Amino acid sequence: MPLDPAFIGRSYPPSQPYDVSREKIREFADAIGATSPAYRDAEAAKALGHRDVIAPPTFAIVVSMKTNETVMFDPELQLDYSRVVHGDQNFTHHRPITAGDQLVSTAHIDSITSRMGNDMVTVRTEISTVDGELVATAKSMLVVRGEDA
């Protein structure tokens, strides 16, 4: 059954705060092979004008993923997660994610379209500090394969 376009514009409650630590940043940088000293060394990051170690740009996926699950598993939306493939991902950064940040994220359904029996859902996740400073915007497009796909 196709997804209901009436969900376009729906927003979900903000996530619990996510504490960004130097260790989480280092582990992520190691996992993706990112070698910048600014990801591991506070003095190197400060020399570049940051207050502490910064995260690689794709670290935003760590923060946004849990929030996106609230959309994917929303029982009212009736999205069959067993049929989902990740179609696209992009990030707009307003400033680097930095060790010591406490971040919350809020998911919004920006679009639902159907093509050739498949549904495409675009989820925008706004990532902000607990004080309301916008840090990054993550956009994910999920493809929900149709029954015949």
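Quick note: structure is the one above.
Residues numbered from 1 in each chain as written. Predicted model: local features only at pLDDT ≥ 70, side-chain atom pairs only at ≥ 80, totals over all residues. Heavy atoms only, no water.

Engineer: When you look at the side chain of Asn 118 in this model, what are you seeing that I'm missing?
Structural biologist: Among the structural elements, Asn 118 can be located in strand β4 (residues 118-129). Look at Asn 118 and you get buried, because its relative accessible area is 18%. (Helix = DSSP H or I, 4+ residues; strand = E, 2+ residues; numbered from the N terminus. Buried < 20%, exposed > 50% of the residue type's maximum accessible area, 1.4 Å probe, protein only.)

Engineer: Just checking my understanding: could you explain the packing of aromatic side chains for this structure?
Structural biologist: Remark: the centre distance and the inter-plane angle together describe each pair of aromatic rings, the angle taken between the planes. Counted by the stated rule, this structure contains 3 aromatic pairs. Seen from their ring centres, Phe 73 and Tyr 81 are 5.0 Å apart, and the 55° between their planes marks the pair as tilted. Of the residues examined, Tyr 81 reaches a relative accessible area of 40% and is grouped as partly exposed. Following the ring pairs from residue to residue traces out a cluster consisting of Tyr 18, Phe 28 and Phe 59. (Phe/Tyr/Trp six-rings, centres within 6.5 Å; stacked < 30°, edge-to-face > 60°.)

Engineer: Help me out: how do you make sense of the environment of Asp 119 in this one?
Structural biologist: As for its placement among the helices and strands, Asp 119 is situated in strand β4. On a C-alpha basis, the gap between Asp 119 and Val 143 in space is 5.8 Å, while along the polypeptide they are 24 residues apart. Within polar-contact distance, the side chain of Asp 119 engages the backbone nitrogen of Leu 3 at 2.8 Å. (Polar contact = N/O pair within 3.5 Å; in protein donor to acceptor, adjacent residues only side chain to side chain.)

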